[in-house]
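# Fold and contact review
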Amino acid sequence: MSLAATVLGEGTPVVLLPGFALDSSVMAMACEPAFAAAASVTGRRWQRIYLDLPGTGGSPAGEPTSEAVLSAVRTTVAELIGTTAYLLAGHSYGGYLAAGLARRDPGRIAGLLLICVGPRIGPEDRDLSGVLPSTPEPGWLAEVPEELHAHLRHAIGHQTKASADRVAAAFSRRAPIDEVYLDALRPAGYRLQDEPGQDGAGAASTFPGPATLLAGRRDRIAGYRDSFAALSSYPDGKVTACADAGHYLPFEQPEIFAMGLLDWLRSVPQAPGH
């Protein structure tokens, strides 16, 4: 199964995977300003490949399992760039998939960026201890559609009007989703077979390349302590935990996110001609 993709620019390929029920437009809105800033600082070029996961954007639904989703990602990447080594980034569920791909194809991936993601997908398996409380700015959701209020109160850690407006603007660009497919995926087939900690699966699996894990200390969905625990799988890895950010860190703290992405890109050796 092939996925819809938005390909921007030329240079070292970077594959970017969005969060659950989001799509390439949301991921691009988060990342494109950061890539532009990185390019102006380094003079390097990156080809950004934003994928729509099944049931979102321009991608059809498929078998409602993360194994099938990961297979579609692998197929699409091979169709787009062949056997070229590439960088891989993912947010939330997209980061969970990216970590799984790094376990299975470590030789293909030159660098890994995980944004607000833990190593285990089940809510009951996430370490949410130590998550900092938020201090909402008065009227911070005033301009946000009512149907987003409950989710944003839970997901946004830096509860300001600017943060809420940026997240809502990104959501407004999202294409319609296949709700039947996504409702089947989450309860039945969410976990990858080699998820770390499942009967020892993945416990000894490491990704040797440069890895950066960005976390928000006010993230009530993924937490942040699991990112530090995951470092055992990334011998060349680092964690940046932002004190005043939640699950939508790239929109809540865009300047900090841009610095984190720049630091990650600098950690990856430059390919000849790029």
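Residues numbered from 1 in each chain as written. Predicted model: local features only at pLDDT ≥ 70, side-chain atom pairs only at ≥ 80, totals over all residues. Heavy atoms only, no water.

### Digging into the sheet that holds strand 4 (residues 86–91)
Stated formally: For two strands to be treated as a pair, DSSP must find at least two bridges joining them. Each helix corresponds to a stretch of at least 4 residues labelled H or I by DSSP, and each strand to a stretch of at least 2 residues labelled E; elements are numbered beginning at the N terminus. Axis definition: a line fitted to C-alpha atoms, over the contacting stretch in the case of helices. Angles run 0 to 180 degrees between N-to-C directions. In this description, contact between two residues means that some pair of their heavy atoms is separated by no more than 4.5 Å.
In space, the 7 strands of this open sheet follow the order 1-3-2-4-5-6-7, with mixed pairing throughout. On the outer flanks of this sheet lie strand 1 (5–8) and strand 7 (237–242), each paired with one strand and no other. Neighbour-to-neighbour, the strand axes of this sheet turn through a mean angle of 15 degrees, independent of strand direction. Where strand 5 (residues 109–115) meets strand 6 (residues 211–216), 4 bridges bridge the pair, whose relative direction is parallel. From the neighbouring strand, L114 faces strand 6, where its bridge partner is L213. Along the sheet, helix 1 (residues 24–42) makes contact with strand 1, strand 2 (12–17), strand 3 (46–51), strand 4 and strand 5, crossing strand 3 at roughly 170 degrees.

### Description of the packing of helix 2 (residues 66–81) against helix 3 (residues 93–104)
A pair of packed helices is characterised by two quantities: the angle between their axes and the separation of those axes. Cut-off, in case you're wondering: Note that the term roughly parallel is reserved for angles under 35 degrees, roughly antiparallel for angles over 145, roughly perpendicular for angles of 65 to 115, and oblique for everything else. Under the scheme applied, nonpolar residues are Ala, Val, Leu, Ile, Met, Phe, Trp, Tyr, Cys and Pro; charged residues are Asp, Glu, Lys and Arg; polar residues are all the others, including Gly.
Direction vectors running N to C along helix 2 and helix 3 enclose 70 degrees, while the axes themselves pass 10 Å from each other. The pairing of helix 2 with helix 3 is recorded here as roughly perpendicular in orientation. Counted together, S66, E67, V69, L70, V73 and R74 of helix 2 and Y93, L97, G100, L101 and R104 of helix 3 form the full contact between these two elements. A breakdown of the residues in the contact of helix 2 with helix 3 according to their chemical character gives 6 nonpolar, 2 polar and 3 charged.

### Considerations on the confidence of the model for the chain
To keep things clear, this is the line we draw: Values of pLDDT, which run from 0 to 100, indicate the predictor's confidence residue by residue.
For the chain, mean pLDDT is 94; residues scoring 70 or higher make up 96% of the total. Every residue in residues 199–203 scores below 50 in pLDDT, and together they form 6 contacts with partners more than four places removed in sequence or on other chains.

### Examining the environment of G55
Applicable threshold: Three exposure classes are used, based on accessible area relative to the maximum for each residue type with a 1.4 Å probe and protein chains only: buried under 20%, partly exposed in between, and exposed over 50%.
In this fold, G55 is placed in the loop between strand 3 and helix 2. Judged by relative accessible area, G55 falls into the buried class, the value being 3%. Put simply, G55 and L148 are 93 residues apart on the chain and 20 Å apart in space, counted from C-alpha to C-alpha. Once residues lying within four places of it in the same chain are set aside, the contact partners of G55 are P60, A61, I177, D178, Y181 and L182.

### Some details on the packing of helix 1 against helix 9 (residues 254–267)
What counts, and what does not: Handedness of a helix crossing follows the sense of rotation of the near helix relative to the far helix, less than a right angle counterclockwise being left-handed and clockwise being right-handed.
It is at 9 Å that the axes of helix 1 and helix 9 come closest, and there the two elements cross at 55 degrees. The angle between helix 1 and helix 9 falls in the class oblique. At the point where helix 1 passes helix 9, the crossing takes the right-handed sense. Within the contact between the two elements, helix 1 uses A30, C31, A34, F35, A38, V41 and T42 and helix 9 uses F257, A258, L261, L262, L265 and R266.

### Remarks on the state of the cysteines
Test applied: When two cysteine sulfur atoms are found within 2.5 Å, that pair is recorded as a disulfide.
Applying the stated criterion across every chain yields a total of 0 disulfides. Summary of cysteine pairing: C116 is not part of a disulfide, and the nearest cysteine sulfur, belonging to C242, is at 9.0 Å. In this structure C116 comes out as buried when scored by relative accessible area, which is 1%.

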